[in-house]
Amino acid sequence: MKFAIQINEGPYQHQASDSAYFFTKAALEQGHEVFRVFFYHDGVNNGTRLTTPPQDDRNIVERWAELADQYKIQSVTKDENGNETVQTELVVCVAAAQRRGIVDEGEAKRNGKDATNIHPKFRISGLGQLVEAAIQADRLVVFGD
Amino acid sequence: MSETVKKFLYLNRKAPYGTIYAWESLEVVLIGAAFDQEVRLMFLDDGVYQLTTGQDTAGVGMKNFSPTYRTLGDYEVKNIYVDKDSLEARGLTQDDLVAIAWEDWETEEEIENIVEVVDAARVSELMEESDVIFSF
């Protein structure tokens, strides 16, 4: 089955991201496809590389990044010259990210910010990516309150 | 934008202020209009407060986004359902809710108010027949 995942809550504060992680991991291990994980509301906070939990706790951000790496939660597009572009499909909503200070280089430039904090295995994109994922997926599974 | 047409149901379960869920849910609906899907909205639990008239946010210092609901007919939303039990539990009736008009630009078909109060059986039926359920 083809899954898309939506996470609506921030890490540590709420179990949603943990549950989504275990669901996604289990689905992938059983041979299902998870082609996009979309982070919305406070869920965008799952995408900051500056997260530093205590050493004896799980690192939720890194855990997502490693899972995405291991199972290639990414898409490959080809341009007219056949050049492939690989992009991660851990997607952070841009509107929600702007409100909460999750920033990539493009956003930093556009909004005159002096820093970025997006994890390299995540990317910031629009809400259209969520709607599109819902259209493409057999199931959209939403985690959060 | 896409050849697939799915039945989308947005469940709105939370009060309009206090948390950002209601407003950011509305943002998905507005963006989603570009995808030409069959879009329905449902309001239940405290979510029914999102549609109430006379909202005044001056005291909480937040943007009053309630006028946006009245424009939903222009964003490809043709059906808006409100759970009857949720309304009643809060002492509300349809008279407390905004009216949302809908018009088909091509056929000029008009519906004065697409907000419909439905009972629990219909709520579950509507969920059952949807392809995608966004829960906010």
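One can find the structure itself at the top, above this paragraph.
This one's a predicted model, so the numbers in the text were calculated from it and none came from an experiment.

All right, on to the overall build of chain B then. Summing up its helical and strand segments, chain B has four helices and seven strands in all. Taken from N to C terminus, the helices and strands of chain B fall in the order β-α-β-α-β-α-β-β-β-α-β. In terms of overall dimensions, chain B is globule-like: its C-alpha atoms have a radius of gyration of 15 Å, near the 14 Å expected for 136 residues. Expressed as lengths along the three principal axes of its C-alpha atoms, the size of chain B is roughly 45 × 35 × 25 Å. The 136 residues of chain B split such that 31% are buried. Long-range pairs, those at least 24 residues apart, make up 78% of the contacts in chain B with a sequence separation of at least 6.

Right, let's get into the interface of chain B and chain A. Interfaces are often sized by the amount of accessible area the parts lose when they come together. Each side of the interface is counted separately: chain B has 16 residues, and chain A has 13 residues. Mapped by element, the contributors of at least two residues to the side of chain B that touches chain A are helix 1 (21-32) and strand 7 (132-135) of chain B. The biggest single contributor to the side of chain B that touches chain A is helix 1 of chain B, with six residues. For the side of chain B that touches chain A, the class distribution of residues is eight nonpolar, five polar and three charged.

Turning our attention to unusual backbone geometry. All names here are of chain A. Its identity as a non-glycine residue notwithstanding, H41 has a phi of 50°, on the positive side. Mapped onto the secondary structure, H41 falls in the loop between strand 2 (33-39) and helix 2 (60-70). The exposure class of H41 is buried, given the 24 C-beta atoms found within 10 Å.

For the rest of this paragraph, the subject is the packing of helix 1 (residues 16-29) of chain A against helix 2 of chain A. Residues and elements named next belong to chain A. Taken N-terminus to C-terminus, the directions of helix 1 and helix 2 make an angle of 20°; their axes are 11 Å apart at the nearest point. Considering their axes alone, helix 1 and helix 2 lie roughly parallel with respect to each other. Between helix 1 and helix 2 the crossing geometry is left-handed. Every residue of helix 2 that contacts helix 1 at S17, D18, Y21, T24 and K25 is listed here: I60, R63, W64 and L67. Here the contact of helix 1 with helix 2 is built from residues that sort into four nonpolar, two polar and three charged.

Moving on: helix 2 of chain A. Residues and elements named next belong to chain A. Among the residues of helix 2, those classed as buried are V61, W64, A65 and A68. In a view along the axis of helix 2, the buried residues occupy a sector of 100°, so they form one face of it. Away from its buried face, by an angle of more than 90 degrees, helix 2 presents the exposed residues E66 and Q70. Residues of helix 2 that are buried make contact with helix 1, strand 3 (74-78), strand 4 (84-88) and strand 5 (90-93).

All names here are of chain A. The strand order across the open sheet built from five strands is 6-5-2-1-7, with neighbouring strands paired in parallel fashion. The strands lining the two open edges of the sheet, one partner per strand, are strand 6 (123-125) and strand 7 (139-143). Averaged over neighbouring strand pairs, the angle between their axes works out to 30° when direction is ignored. Taken together, the three bridges between strand 2 and strand 5 define a ladder with parallel strand orientation. Its bridge partner lying in strand 5, V37 is registered against L90. Strand contacts of helix 1: strand 1 (2-7), strand 2 and strand 7, with the helix running at about 170° to strand 1, the strand carrying the most contacts.

Mapped onto the fold, Y21 of chain B is located in helix 1. C-beta crowding within 10 Å serves as the criterion here: with 23 such atoms nearby, Y21 of chain B is assigned to the buried category. For Y21 of chain B and F136 of chain B, which are 115 residues apart along the polypeptide, the C-alpha to C-alpha distance reads 5.9 Å. Apart from residues no more than four positions distant in its own chain, Y21 of chain B is found in contact with H41 of chain A together with K14 and F136 of chain B.

For the rest of this paragraph, the subject is the sheet that holds strand 1 (residues 7-12) of chain B. Residues and elements named next belong to chain B. Overall, parallel pairing links the five strands, which are arranged 6-3-2-1-7 in an open sheet. Whereas interior strands pair on both sides, the edge strands pair on one side only; in this sheet they are strand 6 (115-118) and strand 7. Along the sheet, successive strands turn relative to each other by an average axial angle of 25°, direction set aside. This element, helix 4 (residues 120-128), spans strand 1, strand 2 (38-43), strand 3 (77-83), strand 6 and strand 7 of the sheet and lies at about 145° to strand 2.

Here is what the cut-offs are and how they apply
- Residues numbered from 1 in each chain as written.
- Chains lettered and ligands numbered in written order.
- Predicted model: local features only at pLDDT ≥ 70, side-chain atom pairs only at ≥ 80, totals over all residues.
- Helix = DSSP H or I, 4+ residues; strand = E, 2+ residues; numbered from the N terminus.
- Rg over C-alpha atoms; globule rule 2.2 N^0.38 Å.
- Buried ≥ 20, exposed ≤ 12 C-beta atoms within 10 Å, placed from the backbone.
- Contact = placed C-beta atoms within 7 Å.
- Nonpolar A, V, L, I, M, F, W, Y, C, P; charged D, E, K, R; others polar.
- Axes fitted to C-alpha atoms, helices over the stretch in contact; angles between N-to-C directions.
- Parallel < 35°, antiparallel > 145°, perpendicular 65-115°, else oblique.
- Left-handed = near helix turned anticlockwise from the far one by under 90°.
- Arc of directions from axis to C-beta.
- Pairing = 2+ DSSP bridges.

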